[in-house]
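One letter stands for each residue in the lines below.
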Amino acid sequence: MNIGIIGAGHIGSALAVRLTGLGHSVYIANSRGPETLKDVAEKTGATPVTAEEAAQRGTDLIVVTIPLKNIPDLPKDLFAGVPAEVPVIDTSNYYPMLRDGKMPELETGDLTESEWVQQHLGRPVVKVFNNIYAHHIVEKGQPAGTPGRIALPVASDDAAAKQKVMALVEELGFDAVDDGTLHESWRQQPGTPSYGADMAADKLREHLASLGTERTEAQHKEFLANHAKQEQAMADQGISLK
């Protein structure tokens, strides 16, 4: 496949390494221009391009993996001419303390992170790869049927795009678990028990079902508090996401 990756950070680079290793043609972009991606190209085997070129050359799949706060800064016509059937993956997470600042639209619980991204991009997105550590993408993929194989939740309002992305997740060595619509994707956001937990498929399905489909006010408060604690712990360790 031809895959465009917009964002050359930890997740973007990890996906590039795995996808080129599987024989896919990967075109990777960042905000500073392809001339700054020489090291990434050497490490991953991906071809450095501009964001616009990544969108146009990713004729089978496009991944948007940039800080949430930078989503509105993407070119407004980024997906002009990109066929509607090309899935767009969103890997983003909201980190108000460490990176993004407070975003009122995401504090109320009315919108999930990826619903907000979808509104800004102006086309359906598929949320995945947001709740696994980047180095686990590179190191922990296993053949189908391996006991304890890590499962990844996949959410989208576009059923066809979701199926294509779930097939890619399986190809990468992980069990793909349907997490419903984007409105239900709060179940895989930071602060929830599945975030970074590397659950097996049966456990993940059981966990997602236990949360229900509509986020309650109590759940929203609980997961916001959990995430704030996680961010503070990361800050105390000197971890920076900027």
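Everything here concerns the structure above.
Residues numbered from 1 in each chain as written. Predicted model: local features only at pLDDT ≥ 70, side-chain atom pairs only at ≥ 80, totals over all residues. Heavy atoms only, no water.

S.K.: When you look at unusual backbone geometry in this model, what are you seeing that I'm missing?
M.R.: Generally, phi is negative for residues other than glycine and the peptide bonds are trans, each holding for most cases. Although it is not a glycine, phenylalanine 129 adopts a positive phi angle of roughly 65 degrees. With respect to the helices and strands, the residue phenylalanine 129 is situated in the loop between strand S6 (126-127) and helix H7 (134-139). A positive phi is found at aspartate 198, a non-glycine position, where the angle reads about 55 degrees. Within the secondary structure layout, aspartate 198 lies in the loop between strand S8 (175-178) and helix H9 (201-211). (Helix = DSSP H or I, 4+ residues; strand = E, 2+ residues; numbered from the N terminus.)

S.K.: Can you help me understand empty space enclosed by the protein in this one?
M.R.: Gaps left between atoms show up when a probe the size of a water molecule is rolled over them. Applying the stated criterion to the full structure yields 2 cavities of 30 Å³ or more. By volume, the largest cavity amounts to about 150 Å³. Forming the boundary of the largest cavity are 14 residues, of which Glu113, Gln189, Arg215, His220 and Leu224 lie nearest the centre. Ranked by residues supplied to the lining of the largest cavity, first place goes to helix H10 (residues 217-236) with 4 residues. Its residues placed into classes, the lining of the largest cavity shows 7 nonpolar, 5 polar and 2 charged. Volume-wise, the second largest cavity comes out at about 50 Å³. Lining the second largest cavity are Asn131, Ile132, Ile150, Ala151, Leu152, Pro153, Ser194, Ala197, Asp198, Met199 and Leu204. When grouped by side-chain class, the residues that make up the lining of the second largest cavity number 8 nonpolar, 2 polar and 1 charged. (1 Å grid on protein atoms, 1.4 Å probe; cavity = no way out; pocket = protein on both sides within 12 Å on 5 of 7 lines; lining within 4 Å. Points joined across faces, edges and corners; volume = space filled by probe spheres on them. Nonpolar A, V, L, I, M, F, W, Y, C, P; charged D, E, K, R; others polar.)

S.K.: Explain the sheet that holds S8 here, please?
M.R.: The mixed open sheet is built from 8 strands, whose spatial order is S3-S2-S1-S4-S5-S6-S7-S8. In this open sheet, the two strands that pair with only one neighbour each are strand S3 (47-48) and S8. With 3 bridges joining them, strand S4 (residues 61-64) and strand S5 (residues 88-90) adopt parallel strand pairing. Residue pairing across strands places valine 63 opposite isoleucine 89, the latter belonging to S5. Running at roughly 135 degrees to S5, helix H6 (residues 113-121) makes contact with S4, S5 and S6 of the sheet. (Pairing = 2+ DSSP bridges. Contact = heavy atoms within 4.5 Å. Axes fitted to C-alpha atoms, helices over the stretch in contact; angles between N-to-C directions.)

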